Each structure stands twice: as structure tokens, then as C-alpha cells.
Amino acid sequence: MNAALSRRAAPVLAVVRLDVRLLWRNRTALFTAAGLPLMFAALLLPARGEEIDGRSAALVQGTGHLGFFLIFAVFMNLVSVFTARREERTLKRMRGTALSDAELLGGSVLTAVGMYAAQVLGLLVLLGAALDGRFPADPLLLTAGLAGGAAVFALLAFALSGVTPNAEMAGLTTLPVMFACMAGSGVMFPLDELPDGLREAARWLPLSPVVEITRTAYFGEDADGAAVGLLDGWSHSLYAFAVLAAWIVVGRYLAGRLFRWEPRRG
Amino acid sequence: MNSEPVIHVEGLRRRYGDFEAVAGVSFEVGAGELFALLGTNGAGKTTTLETLEGYRPAHGGTVRVLGHDPHADRRAVRPRIGIMLQDGGFFGDLTVAETVAHWRGFTPRPRPADEVIGLAGLEDRTAVRVRQLSGGQKRRLDLALALLGHPEVLFLDEPTTGMDPAARHATWRIVRDLVDGGTTVVLTTHYLEEAEHLADRLALMHRGRIGTSGTVAEVVAGHGDRIAFRLPEGLPVAELPAPRGAVPDLAVTGGRTVVTYTVGGGGLQPVLYELLRWADEHRVALDGLNARNASLEDVFLSTAEGAAA
Ligand SMILES: Nc1ncnc2c1ncn2[C@@H]1O[C@H](COP(=O)(O)OP(=O)(O)OP(=O)(O)O)[C@@H](O)[C@H]1O
Ligand SMILES: [Mg+2]
């Protein structure tokens with residue numbers, strides 16, 4: 001059983017090893033995927049002591065970052081990986097080996113998600129150790145929300161890479177998504193501060209449900225600060241999970257339509 | 001001996017948008033055979049090969065590789081075939097040794113790294129970034145990677161393009177050894193000499209179709225040997241002889257008229273003999289006289305011209 005499993009995992013891990021090495025060699029990509037999150041995390045420290053709506057500002061923003069880091073490690077990273085490999089025709093060459101399509105693409109997604117998971121763990125330690133946070137109230141809910149977010153942004157990365165003409169352009173095509181999510185998903189400030197109509201629209205951005213679930217799971221309170229029990233956290237998050245599910249369906253559809261293995265000719 | 005062909009293509013069609021790049025191509029390749037696809041630029045060789053490799057589905061006809069549909073059944077077919085693309089990319093930041101090591105990770109039961117690097121002839125370049133290899137060296141690494149998994153079927157798309165003559169001969173030796181060992185090979189090439197040297201059978205493609213196919217001897221057979229010389233000054237064309245019934249064909253090149261006789265079944269010797277006797281009797285000097293067997297090049301050029309007209 002174990003031997004069979006490790007034989008099945010071997011090709012995927014071979015792709016992970018290649019991805020890690022290539023990321024390490026490409027300092028620009030490494031900076032986007034790991035350097036930017038590090039900077040955002042470091043910027044939390046000066047916010048220590050300030051408050052937003054009776055909560056520590058650093059903790060509010062820090063819990064927002066738990067979701068926000070999906071943009072760097074998963075979304076931007078995968079868009080540029082798939083675009084660059086398609087245009088350099090290395091995707092085509094890798095596809096000519098014994099690797100299946102799922103192993104080939106899954107390995108890159110696994111690398112990205114693994115790097116993101118490491119960033120989440122690091123950030124949780126920072127929140128707990130340096131910013132007076134505590135252990136997340138509902139770790140399972142937290143994991144479910146972040147995992148759903150990882151699925152959405154990996155799928156969106158497949159789709160966006162298909163319409164990104166080359167690796168240099170990947171920085172530009174991902175930028176609107178990054179800004180929209182940074183401003184409209186409650187990462188830096190709670191969505192309550194937006195006017196009504198805008199707030200309802202903002203809840204439908206792909207990152208918004210992730211941030212909402214993350215905060216509920218971390219604080220064990222809903223957005224108004226009322227304590228919620230363990231199961232209540234999940235029922236409070238139903239709407240957010242529905243939005244995530246909708247994005248997974250949309251992302252899956254767009255990825256299927258737009259992702260390309262080879263450069264467009266002519 | 002297994003009588004099932006390893007590769008079976010029947011009526012293959014493949015479009016890009018409205019343009020039909022492959023318009024009904026059929027051939028079979030048996031186990032341990034080397035089949036070469038030749039043809040003009042844009043004839044559809046790469047498209048045919050990539051359909052056999054499972055990169056894209058056929059839009060019409062049937063394609064079977066090792067008994068499977070290579071696109072629908074990629075999982076079953078890919079581990080058993082080796083692919084050398086016309087334009088696959090490398091990770092330029094990896095060294096030769098790193099590239100081989102990572103590719104071994106993608107391959108079940110791969111050849112040892114040393115053997116692969118030896119096949120590529122890159123023993124003294126293992127620490128060099130692939131980006132810095134010359135075009136021919138990249139092509140050799142390409143070939144070696146295609147051989148990594150001991151493939152039963154090998155697809156080579158212009159394998160020796162950009163190689164120096166020594167590297168080309170080394171590659172031919174490698175390919176010949178593989179075929180002797182039972183590997184089935186399909187290759188495309190623009191070097192007619194390569195096809196003559198390696199191919200058991202070949203096909204000439206033009207505009208999505210196969211014009212002629214068979215062994216080199218069969219393909220060349222109908223095309224006749226040639227005798228040519230410059231039309232002597234002052235000799236009326238009407239006075240040219242018709243040795244053994246061969247009809248003179250005139251073409252102007254470089255300001256001079258060249259007379260060519262294309263010789264059918266009986267061979268060069270009797271026709272040449274009659275021609276020389278006529279020249280002797282009429283005291284005509286045949287400048288630039290040459291006689292040669294039909295070559296693949298003649299067939300190639302006539303296929304290209306014939307269909308262009
Ligand atoms: N992805 C594509 N999109 C549109 N047209 C294509 C595509 N690939 C090939 N074609 C067209 O299909 C035709 C056949 O191309 P193909 O690459 O199969 O030719 P080839 O015989 O391999 O030529 P060459 O000897 O130059 O390599 C060409 O006219 C080419 O322009
Ligand atoms: Mg080609």
C-alpha cells in the first residue's frame with residue numbers, strides 16, 4: 001500500500017523538485033512569491049498597539065494576510081510559471097515524457113500551495129508570538145477556508161496564463177486582480193467601511209470569502225465581534241463558502257476554456 | 001513475429017482553423033522498422049508526427065500506436081514512446097547534468113545518467129547551463145532525453161538539423177543501433193542523404209498528402225536515370241538524337257541550354273552508348289556531359305514542382 005502510494009507520488013514530487021530549483025534560480029519570481037509576503041508580514045509590526053473597531057489592527061490585517069498571500073505564492077507565481085513554460089515550449093517538452101497532464105500541472109500547483117502553506121504557518125507564529133494573537137479558535141474552519149481559496153486561485157491562474165502573452169506580461173495581467181483583492185476583500189480594512197452597494201459587490205471578489213472565513217475561524221467571533229461557538233463559525237461562513245464554491249465552478253470553466261499548452265501561432 | 005503494425009495511420013486529417021494541414025494520410029510502420037517522412041516546408045510532417053505522439057487528436061481517420069489511440073490513451077502510450085520535438089524548449093538555467101537528473105525523475109526505469117550524457121556526447125559539458133550549449137549540442141541532448149526511458153517507439157522530428165557532419169554520423173549510428181535492437185522509429189528530415197542512409201521505407205509529403213512512398217529503390221524507380229550536357233553551339237535542336245527512344249528535354253540555365261535525357265527501364269549504359277556514338281559520327285563535342293542514377297532529390301523536386309504547378 002505504502003510502496004504503491006510512493007510510486008504514484010514519485011512523478012509529482014519530481015515536478016516539485018524541478019519547480020523548487022527553478023524558483024530558486026529565478027530571483028524575480030522568488031521575490032514575488034516569497035519576498036513580497038515577507039515584506040507585508042514585516043509591515044504588521046509597526047501597526048502593533050493600534051486598534052480597528054476594538055480589535056488589534058495588526059491582528060486584523062495579519063489575519064487578512066493569511067488569505068492575501070494566496071495572491072503571491074499561488075496566483076501570481078502560477079500565472080508566470082505556466083505562461084513562461086508555455087512560451088519557452090518546456091511545457092510541451094515535459095508533456096512528451098511519461099508524466100500525465102495531472103502530474104505535470106499538479107506538481108506545480110503543489111509546489112505553490114506548499115510554499116503558501118509555509119507562509120501561513122510562519123504568519124500564524126508571528127501573529128501569536130509578536131502580535132499578542134492567540135491560537136486560531138477553529139483551525140479546521142481556517143484550513144477549509146484557505147484550502148478553498150488555494151483551489152480558486154490555482155484555477156484562476158490556469159485561466160489567466162492562457163490569455164497572458166508572455167512571462168513579462170504576467171506581472172501586468174495579475175496586477176488588477178491583486179489590487180482589487182487588496183482593496184476590496186477586507187484585507188487592509190473591514191468591508192463595513194465601504195458604502196452599501198460596493199460592499200455587497202466586494203463580497204463577491206474571489207478573495208473576500210477567504211478573508212471572511214479566516215477571520216471568523218481565527219477570532220471565533222463574527223464580523224460584529226459577537227462570540228460564535230464552534231459549529232456557529234461554520235454556519236456563519238455558509239454564504240462565504242457558497243461564494244467560494246461559485247468561484248471554483250467559474251474558475252474550473254475558465255481554466256478549461258483558456259489554458260493553453262502551446263504558444264498561439266500567427 | 002508480431003504481424004500487427006506498431007503504427008497504423010489511415011486517412012488522417014488534421015485542421016488548424018479552416019486550414020487543413022494534413023489531408024488524408026495513410027501509412028503503417030512495423031516493429032523494428034525505420035520510416036522516414038520527407039517533404040516540403042509546411043507539408044504537414046510535424047503535424048502528423050505530433051498527432052502520432054498524442055499531442056492533439058485527429059480530426060478524421062484513425063491513428064493507432066502500439067494498439068492504442070495515442071491521444072485518448074496518452075497514459076498508456078507515453079511511457080512506451082520517446083519523443084524528440086522539432087522545437088521543444090529547455091530550461092536554460094539548468095545545467096546539462098541537472099536537466100538529465102530531473103528528466104530521469106519523470107521517467108520510469110530510466111537509463112543511467114552517465115549513459116545518457118554519453119549518448120549526447122556531452123561528457124565534458126555536464127556543468128554547463130543548457131542556455132550556453134550550441135544549437136547542435138542542444139539537439140544531441142534532445143535526442144538523449146528522448147532515449148531516456150528505453151522507448152519501444154521513437155519519434156524524431158528533424159533529429160540532425162544543426163548538427164555538424166561528425167555529430168550527424170554519430171546520431172545515425174545511435175539510431176541504426178536502436179533499430180537493430182528492435183526499436184521502431186519514425187523520423188522526419190530534410191536531408192535526403194539521411195533518409196537514404198537510414199530509412200527502410202519512406203514517404204514524400206506535400207501539402208498535407210503523401211505523394212510517393214515505399215523503399216528508397218521503389219520511390220526512385222519510376223523516376224529514371226539522367227544524362228545531361230550543354231547544347232552544342234550552332235546545333236539545331238531538331239537534330240538532337242533520340243537514343244533508344246529517349247526524348248531530349250531542354251532547359252536554360254546560366255545563359256546556356258542544357259539537354260537532359262531521362263532514361264526509363266533499360267538503364268544508362270545502352271542509351272549513353274548510342275548518344276556517344278552519334279556524337280562521334282557527327283563530330284559534336286558534348287560539354288558538361290554527365291550521367292547519373294535517379295536520386296531521392298529528383299523525386300523530391302518533381303513532387304514539389306509537380307504539385308506546385
Ligand atoms: N499551431 C498551428 N496553428 C496554425 N497553423 C499551423 C499550426 N501548426 C502548423 N500549422 C500550419 O500547418 C502546416 C503544416 O505545418 P507542419 O509544421 O506540420 O509542417 P512540416 O511539414 O513539419 O514543415 P517543416 O518542414 O517546415 O517543419 C503549415 O502550413 C503550418 O503553417
Ligand atoms: Mg516540421
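Residues numbered from 1 in each chain as written. Chains lettered and ligands numbered in written order. Predicted model: local features only at pLDDT ≥ 70, side-chain atom pairs only at ≥ 80, totals over all residues. Heavy atoms only, no water.

## Let's talk about the overall build of chain A
Selection criterion: Working definition: helices are DSSP H or I runs of at least four residues, strands are E runs of at least two. Numbering for both runs from the N terminus. C-alpha atoms define the radius of gyration in this analysis, and the globule rule sets the expected value at 2.2 Å times the number of residues to the power 0.38. Note on exposure labels: buried denotes an accessible area under 20% of the residue type's maximum, exposed denotes more than 50%, and partly exposed covers the range between, all computed with a 1.4 Å probe on protein chains only. Residues count as neighbours in contact if any of their non-hydrogen atoms are within 4.5 Å of one another.
Counting its secondary structure elements, chain A contains twelve helices and two strands. Relative to its length of 266 residues, chain A is compact, with a C-alpha radius of gyration of 19 Å against a globular reference of 18 Å. Evaluated residue by residue, chain A yields a buried proportion of 53% over its 266 residues. Expressed as a percentage of contacts within chain A between residues at least 6 apart in sequence, the contacts between residues at least 24 apart total 81%.

## So, helix α7 (residues 139–163) of chain A
For the α-helix, the turn length of 3.6 residues means that residues three or four positions removed from each other point alike. For the record, the criterion: Expected span, for any helix, means 1.5 Å times one less than how many residues it has.
The terminal C-alpha atoms of α7(A), which comprises 25 residues, lie 36 Å apart, in line with the 36 Å expected from a rise of 1.5 Å per residue. Burial analysis of α7(A) places 18 of its 25 residues in the buried class, the great majority of the element.

## Here's the deal with helix α3 (residues 96–105) of chain B
Turning to α3(B), its buried residues are Val96(B), Glu98(B), Thr99(B), Val100(B), His102(B) and Trp103(B). On its buried face, α3(B) sits against α1 (2–25) and α5 (90–95) of chain A together with α4 (113–119) and α5 (135–146) of chain B.

## Thoughts on the site of ligand 1
Under the convention used in this document: Here, proximity means that at least one heavy atom of the residue falls within 4 Å of the molecule or strand. N or O atoms closer than or at 3.5 Å make up a polar contact, with two conditions inside protein: a donor-capable atom paired with an acceptor-capable one, and, for residues adjacent in sequence, both atoms drawn from side chains. Polar here means any residue outside two lists: the nonpolar Ala, Val, Leu, Ile, Met, Phe, Trp, Tyr, Cys and Pro, and the charged Asp, Glu, Lys and Arg; Gly therefore counts as polar.
Of all residues adjacent to ligand 1, which total 15 residues, the nearest are Gly42(B), Lys45(B), Thr46(B), Thr47(B) and His190(B). Looking at what sits near ligand 1, you find residues from chains A and B. Within the side chain of Tyr16(B), one N or O atom sits 3.5 Å away from a nitrogen atom of ligand 1. Measuring from an oxygen atom of ligand 1, one finds a side-chain N or O atom of Thr46(B) at 2.6 Å. The dominant element in the shell around ligand 1, judged by the number of residues it contributes, is helix α1 (residues 45–52) of chain B, at three residues. Residue classes in the shell around ligand 1 are distributed as four nonpolar, eight polar and three charged.

## Quick notes on the sheet that holds strand β4 (residues 60–65) of chain B
Residues and elements named next belong to chain B. Put simply, the rule reads: Criterion used throughout: strands pair if DSSP finds at least two bridges between them. In this analysis, axes come from line fits to C-alpha atoms, helices being fitted only over the stretch in contact, and the angle between any two N-to-C directions falls in the range 0 to 180 degrees.
Taking strand neighbours across the sheet as the criterion, the three strands line up as β2-β1-β4 in an open arrangement whose pairing is antiparallel. Bordering the open sheet on either side are β2 (19–29) and β4, each of which pairs with just one other strand. Here the average twist between neighbouring strands, direction ignored, is 25°. Across eight bridges, strand β1 (residues 7–16) lies against β2 in antiparallel orientation.

## Considering the domain arrangement of chain B
Note the following rule: Either an automatic procedure or a domain database provided the assignment from which the domain bounds are taken.
Partitioning chain B into domains gives domain 1 (7–220) and domain 2 (225–293). A straight line from the C-alpha centre of domain 1 of chain B to that of domain 2 of chain B covers 43 Å.

## Looking at the coordination of the magnesium ion (ligand 2)
All names here are of chain B. The criterion, for reference: Each metal's donors are the N, O and S atoms within 2.8 Å of it, or within 3.2 Å when it is Na, K or Ca, and because water is not part of the set, sites may look incomplete.
Within the first shell, the magnesium ion (ligand 2) binds the protein through Thr46 (OG1) and Gln86 (OE1), at distances of 1.9 to 2.1 Å. Remark: Gln86 occurs in the loop between β5 (81–84) and α3 and Thr46 occurs in helix α1; sequence separation between them is 40 residues. Judged by its relative accessible area of 36%, Gln86 is partly exposed.

## Comments concerning the nonpolar core
What counts here: Side-chain atoms within 4.5 Å link the members of a nonpolar core, which is a set of buried Ala, Val, Leu, Ile, Met, Phe, Trp, Tyr and Cys residues.
Counting residues in hydrophobic clusters, the biggest one holds 119 residues, and the most contacted among them are Phe153(A), Leu207(A), Leu141(B) and Leu202(B). The leading source of residues in this core is α7(A), at twelve residues. Other than its neighbours up to four places away in sequence, Leu141(B) contacts Phe90(B), Val96(B), Thr99(B), Val100(B), Ala120(B), Leu122(B), Val130(B) and Leu133(B). In terms of nonpolar packing, the next biggest core, distinct from the first, is built from 26 residues, Phe35(B), Ile83(B), Leu85(B) and Ala203(B) among them.

## Some points on the sheet that holds strand β8 (residues 201–206) of chain B
All names here are of chain B. Within the open sheet, the six strands sit side by side as β5-β6-β7-β3-β8-β9. Their pairing is mixed. Two strands lie at the open edges of the sheet, namely β5 and β9 (209–214), each paired on one side alone. On average, adjacent strands in this sheet sit at an angle of 15° to one another, irrespective of strand direction. Bridge count between strand β3 (residues 34–39) and β8: five bridges; the pairing is parallel. Paired with Leu38 across the bridge in β8 is Leu204. Across the face of the sheet, α1 comes into contact with β3, β6 (153–157), β7 (184–188) and β8 while running at roughly 155° to β6.

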